[in-house]
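Residue-level structure breakdown
These are the residues of each chain, in order.
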Amino acid sequence: MRSRSLGTRVGIGLAWVAGLSLVAMILGIVVWLGVKGASALSWDFVSQDPTPGTIEEGVLGGIRGPLVGTLLVTTIGVAVALPIGLGAAIFLAEYRRPRWLARVVEQGIELLFGIPSIVFALFGLAVFTSSALIPLSSEIGSSGKAYGQSFIVAGLMMSLIAIPPIARSAEEAIRAIPDDLREASYALGKGRLTTIRRITLPGARPGIATGVILGGGKIAGDTAIVWLLLGGVITWENAQWYSPEHWLDTLRGTGATLTTYVYFASPVGDGNAETSAYGAAFVLILLMILVNGAVLVASRRGGWKR
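Residues numbered from 1 in each chain as written. Predicted model: local features only at pLDDT ≥ 70, side-chain atom pairs only at ≥ 80, totals over all residues. Heavy atoms only, no water.

1. Brief notes about the overall build of the chain
Where we set the bar: Secondary structure elements are defined from DSSP: runs of H or I of at least 4 residues count as helices, runs of E of at least 2 residues count as strands, and each element is numbered from the N terminus. Only protein chains enter the accessibility calculation, which uses a 1.4 Å probe; a residue is then buried when its area is under 20% of its type maximum, exposed when over 50%, and partly exposed in between. The accessible surface values rely on the Shrake-Rupley method and a 1.4 Å probe; as for residues, cover is taken only from the protein chains in view.
Assigned secondary structure in the chain consists of 14 helices and two strands. Taking all 306 residues of the chain together, 40% fall into the buried category. Per element, the accessible surface of the chain, about 17000 Å² overall, is 65% carbon and sulfur.

Right, dumping it as structure tokens:
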């Protein structure tokens, strides 16, 4: 009994050490970025668009355009990935018929998990540059250059990296719903679809929200897809992207996100603005914390409590 009690205390202590170490690492990164980029943080830094300067000056202006671009790409990616991932999760958790199709869907999700994002970027360039899918002018079609660079293309390809975490988290959350709740719904004369809509999905909202957070975080933090499918720039193709009459052209044009801005302004990029890179990275982390908190709060509203 003593050895068992000692082993239990050691295991609990190691678990506490692991948890506190993880929290310390996260806080360390956030504090380090805050200290490094503190001098760049200001209202002008958030409210102004970036402008390329000379080699000595580095990138000038702020991060308004890349900040909005991050939100735009993330919104498009999650909006496409959520219904697909949630539908796959419902199929795997509630139906799984026929079995061969369920196995194929599971393998497809695992495959998407393991494919590097740069492969999705190259696939997007190949598909959306094909003259068989998009009518191209003779000059562009014969040049061999990539044509499919836009927020829409980037968002569509980004959805592929968000589908696996959304599908897996939603599937586990749906499986965790007690079967007696489903049986009670069936006993009241409700069908399977009604039970899924009124009982299963409301109870699985926290797990679905976790998948959305994971998928949105992967989209917001990706660089390869954005760099290839948004043109590898820090400025937007449409200078008046904020005007409602230009929103459609903005979606069809190139632009920037915070990850491309950080890469461009970092010591290994061409922007020569190390402090601005740290400031943008700090803003990106704060943005993800705020978005994650908002999604978690929204997921807990309107759902039933056990």
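2. A word on the nonpolar core
Stated precisely, the cut-off is as follows: Only buried residues count toward a nonpolar core, which is a set of Ala, Val, Leu, Ile, Met, Phe, Trp, Tyr and Cys residues joined through side-chain atoms within 4.5 Å.
Counting residues in each nonpolar core, the largest one holds 33 residues, and the members touching the most others are M158, I219, I225 and L229. Among the secondary structure elements, those contributing two or more residues to this core are α3 (64-95), α5 (117-128), α7 (151-175), α10 (205-221) and α11 (224-229). In this structure, A40, F45, A280 and L284 belong to the second largest nonpolar core, which totals 17 residues.

3. Here we look at the packing of α3 against helix α4 (residues 99-114)
Threshold: Interaxial angles span 0 to 180 degrees and are taken between N-to-C directions of axes, which are lines fitted to C-alpha atoms, for helices over the stretch in contact. Any angle between 65 and 115 degrees counts as roughly perpendicular, while under 35 counts as roughly parallel, over 145 as roughly antiparallel, and the rest as oblique. A crossing counts as left-handed when the near helix is turned anticlockwise from the far one by less than a right angle, and as right-handed when that turn is clockwise. Contacts: residue pairs with any heavy atoms within 4.5 Å of one another.
The N-to-C vectors of α3 and α4 enclose an angle of 135°; their axes lie 10 Å apart at closest approach. Relative to α4, the element α3 is oriented oblique. Like other packed secondary-structure pairs, α3 and α4 cross with a definite hand, here left-handed. Along its contact with α3, which presents A88, F91 and L92, the element α4 presents L101, A102, V105, E106 and I109.

4. As for the packing of aromatic side chains
Using the following cut-off: Within 6.5 Å between ring centres, the rings of Phe, Tyr and Trp (the latter by its six-membered ring) count as paired, and their orientation is classed by plane angle as stacked under 30 degrees, edge-to-face over 60, tilted in between.
What the rule picks out here adds up to two aromatic pairs. Measuring from centroid to centroid gives 5.2 Å for W32 and Y278, while their planes differ by 80°, and the two rings are edge-to-face. Taken together, the residues span a long stretch of sequence, with W32 in helix α1 (residues 2-37) and Y278 in helix α14 (residues 274-299) at a distance of 246 residues. Ring centres of W227 and Y263 lie 5.0 Å apart, and the angle between their planes is 80°; on these two criteria the pair is classed as edge-to-face. With a gap of 36 residues between them, W227 in helix α11 and Y263 in helix α13 (residues 258-265) connect regions that are remote in the sequence.

5. Looking at the side chain of S117
Our working definition: The term polar contact refers here to a pair of N or O atoms within 3.5 Å; inside protein, the definition further demands a hydrogen-donor-capable atom paired with an acceptor-capable atom, and it admits residues adjacent in sequence only when both atoms are side-chain atoms.
Considering the arrangement of structural elements, one finds S117 in helix α5. In this structure the side chain of S117 is engaged in a polar contact, spanning 2.8 Å, whose partner is the side chain of D222. Ignoring anything within four residues of it in the chain, the contact list for S117 reads I161, D222, A224 and I225.

6. So, unusual backbone geometry
Omega for the bond connecting R97 with P98 falls within 30 degrees of zero, at -5°, which places this linkage in the cis form. Residue placement: P98 occurs in the loop between α3 and α4. Phi angles above zero are rare outside glycine, and R96 is one such case at about 55°.

7. Notes on empty space enclosed by the protein
Formally: Grid spacing is 1 Å over the protein atoms alone, the probe is 1.4 Å, and a cavity is where that probe fits but cannot get out, while a pocket is an open set with protein on both sides within 12 Å along at least five of seven lines and lining residues have an atom within 4 Å of a point. Grid points are joined across faces, edges and corners, and a volume is the space filled by probe spheres set on the points. Just so you know the grouping, Ala, Val, Leu, Ile, Met, Phe, Trp, Tyr, Cys and Pro go in nonpolar, Asp, Glu, Lys and Arg go in charged, and all remaining residues, Gly too, go in polar.
For the coordinates displayed, the defined rule picks out one cavity of 30 Å³ or more. Its volume calculated, the largest cavity comes out at about 30 Å³. Where the lining of the largest cavity is concerned, the elements lending two or more residues are α3 and α10. By residue number, the principal contributor to the lining of the largest cavity is α3, which donates three residues. Residues belonging to the lining of the largest cavity are distributed by class as follows: five nonpolar, three polar and no charged.

8. Examining the side chain of T70
Of note, T70 is situated in helix α3. In terms of polar contacts, T70 uses its side chain to reach the backbone amide nitrogen of L258, at 2.9 Å. For T70, the residues in contact, after removing those within four places along its chain, are A220, A256, T257, L258, L284 and L287.

9. As for α13
For α13, the buried fraction is high: six of the eight residues fall into the buried class. Within α13 the residues assigned to the buried category are L258, T259, T260, Y261, F264 and A265.

10. Quick look at a nonpolar patch on the surface
The cut-off we apply is this: Note that patches include only residues with greater than 30% relative accessible area and no salt bridge, and the join distances are 9 Å for like charges and 5 Å for nonpolar side chains (Val, Leu, Ile, Met, Phe, Trp, Tyr). By salt bridge we mean one thing: a side-chain nitrogen of Lys or Arg within 4 Å of a carboxyl oxygen of Asp or Glu.
Residues L6, V10 and L14 make up a contiguous nonpolar surface patch of roughly 280 Å² in combined accessible area. Locating L14 in the fold gives a position in helix α1. Residue classification places L14 among the exposed positions, given a relative accessible area of 56%.

11. Some thoughts on the environment of D249
As for its position among the elements, D249 is in helix α12 (residues 247-252). Taking the relative accessible area as the measure of exposure, D249 reaches 42% and is therefore partly exposed. Sequence spacing of D249 and S150 is 99 residues, and the spatial spacing of their C-alpha atoms is 9.6 Å.

12. Focus on the environment of G108
Of note, G108 is situated in helix α4. Judged by its relative accessible area of 30%, G108 falls in the partly exposed class. Sequence separation of G108 and P164 is 56 residues, and the distance between their C-alpha atoms is 8.9 Å.

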